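Inside the fold
The primary structure of each chain is shown beneath.
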Amino acid sequence: MLFGHNSNVKAGDATFHVQTEDRGTTNALIDTTVYFYGRVLYRRTNNYFDLLPLNPDNEEALKKRLDQQHRAVIEEIRTGALHLALPREEKDSVPAGAPNAASLHGVLSLELINAKTWLSGKHALLQIAVRDEAHQAVGGAFVSARVDGAAEVTEVSARTGDFGHAQFEFDMPRLAGADPALVIEALHGNAKGHLRFQLRPKPRVPSAS
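Residues numbered from 1 in each chain as written. Predicted model: local features only at pLDDT ≥ 70, side-chain atom pairs only at ≥ 80, totals over all residues. Heavy atoms only, no water.

Now for the overall build of the protein. Looking only at helices and strands, one finds three helices and 12 strands in the protein. Taken across its 209 residues, the protein has 43% of its residues classed as buried. A separation threshold of at least 6 residues defines the contact pool for the protein, and within that pool the share at least 24 residues apart is 55%. For the protein, the exposed area adds up to about 11,600 Å²; of that, 49% sits on carbon and sulfur atoms. (Helix = DSSP H or I, 4+ residues; strand = E, 2+ residues; numbered from the N terminus. Buried < 20%, exposed > 50% of the residue type's maximum accessible area, 1.4 Å probe, protein only. Contact = heavy atoms within 4.5 Å. Areas by Shrake-Rupley, 256 points an atom, 1.4 Å probe, with all protein chains shown as cover.)

Moving on, we come to the nonpolar core. Core analysis: the biggest nonpolar cluster contains 25 residues, and Leu126, Val130, Leu182 and Ile184 have the highest contact counts within it. Going through the elements one at a time, strand S5 (109-112), strand S7 (123-131), strand S8 (142-148), strand S10 (165-171), strand S11 (181-188) and strand S12 (191-198) are the ones with two or more residues in this core. The dominant element in this core, judged by the number of residues it contributes, is S7, at four residues. Apart from residues no more than four positions distant in its own chain, Leu126 is found in contact with Leu112, Asn114, Trp118, Ala145, Ala166, Gln167, Phe168, Phe170, Leu182 and Ile184. If you look at the next biggest cluster of nonpolar residues, it comprises 12 residues, including Val9, Ala14, Phe16 and Val18. (Core = buried A, V, L, I, M, F, W, Y, C linked by side-chain atoms within 4.5 Å.)

Any two aromatic rings considered together are summarised by their centre-to-centre distance and by the angle between their planes. Summed over the entire model, instances satisfying the criterion amount to one aromatic pair. Ring plane angle 50° and centroid distance 5.6 Å describe the contact between Phe16 and Phe36, whose orientation is recorded as tilted. Here Phe16, found in strand S2 (residues 14-22), pairs with Phe36, found in strand S3 (residues 29-36); they are 20 residues apart in sequence, far enough to count as distant. There is no split in this pair, since Phe16 and Phe36 are both buried. (Phe/Tyr/Trp six-rings, centres within 6.5 Å; stacked < 30°, edge-to-face > 60°.)

A few words on the environment of Phe163. Within the secondary structure, Phe163 is located in the loop between strand S9 (155-159) and S10. With 25 residues separating them along the chain, Phe163 and Val138 place their C-alpha atoms 7.0 Å apart.

This part takes up the sheet that holds strand S1 (residues 5-11). What the four strands build is an open sheet, ordered S1-S2-S3-S4; its pairing is antiparallel. Strands with a single pairing partner mark the edges of an open sheet, and in this sheet they are S1 and strand S4 (39-47). The mean inter-strand angle of the sheet, taken between neighbouring strand axes irrespective of direction, is 20°. As paired elements, S2 and S3 share six bridges and run antiparallel to each other. From the neighbouring strand, Asp22 faces S3, where its bridge partner is Ile30. The strands touched by helix H1 (residues 56-79) are S1, S2, S3 and S4; relative to S1, the strand with the most contacts, the crossing angle is about 15°. (Pairing = 2+ DSSP bridges. Axes fitted to C-alpha atoms, helices over the stretch in contact; angles between N-to-C directions.)

Glancing now at the confidence of the model for the protein. On average, residues of the protein score 81 in pLDDT, and 84% of them are at 70 or above. When the elements of the protein are averaged for pLDDT, helix H3 (residues 101-105) gives the smallest value, 43, and H1 the largest, 94. Here residues 90-105 is modelled with pLDDT under 50, and outside its nearest four sequence neighbours on either side it reaches 19 contacts, counting other chains as well. (pLDDT = per-residue confidence, 0-100.)

A separate point is H1. Look at H1: 35 Å from first C-alpha to last across 24 residues, which is about the 34 Å you get at 1.5 Å a residue. Asn58, Glu59, Leu62, Leu66, Asp67, Gln69, His70, Val73, Ile74 and Ile77 are the residues of H1 that are buried. Of the surrounding secondary structure, the elements contacted by the buried residues of H1 are S1, S2, S3 and S4. Its side-chain oxygen at 3.1 Å from the backbone nitrogen of Asp57, Asn55 defines the N-terminal cap of H1. Backbone geometry just downstream of H1 places Gly80 in the positive-phi region, at approximately 85°. (Expected span 1.5 Å × (residues − 1). Polar contact = N/O pair within 3.5 Å; in protein donor to acceptor, adjacent residues only side chain to side chain.)

Here the residue pair Leu52 and Pro53 is connected by a cis peptide bond, since its omega of -5° sits within 30 degrees of zero. Its place among the elements puts Pro53 in the loop between S4 and H1.

Set out below in structure tokens:
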């Protein structure tokens, strides 16, 4: 199981959303994207071909590499080492501290609160937190979760409560695709957010001849 990261980073009067994802072993890429009110300002991509095929040790090395890349981009934004040119219209139209900025411009931050314990056997329990650009809880957001690459269609949905939390429970389907993933999406007004967690299908046990 490989995890992504979503973080809001404040630099001066601007708040940026940083998302880092593993694009799966088919692509073998760690992809970090920096957003400003829904617009992509910067992308950093590094491959991990040297870690293939993945085994437990290489998976741990990949997780550390993904964490380091995410932290590096955040630190470069905070220190000003990474220069991000803001779109002119955004500078003119978005006042500092504008309320509900995420709902106006399209960025939500999602967190899988129980990222290390969400799967127990075949039973999945997802605890999701949804926040806006100001890191405030977003109530009433529509949240859905699905398993891409499953043998049968699996999708659940709910709305967040006043504290921006939603919870799902379901039985994990059999994984049949080449690059299966758990995909979590949120929608609130015009604002959107998503998380993608790569899944590793269990290797088939050869039958005795």
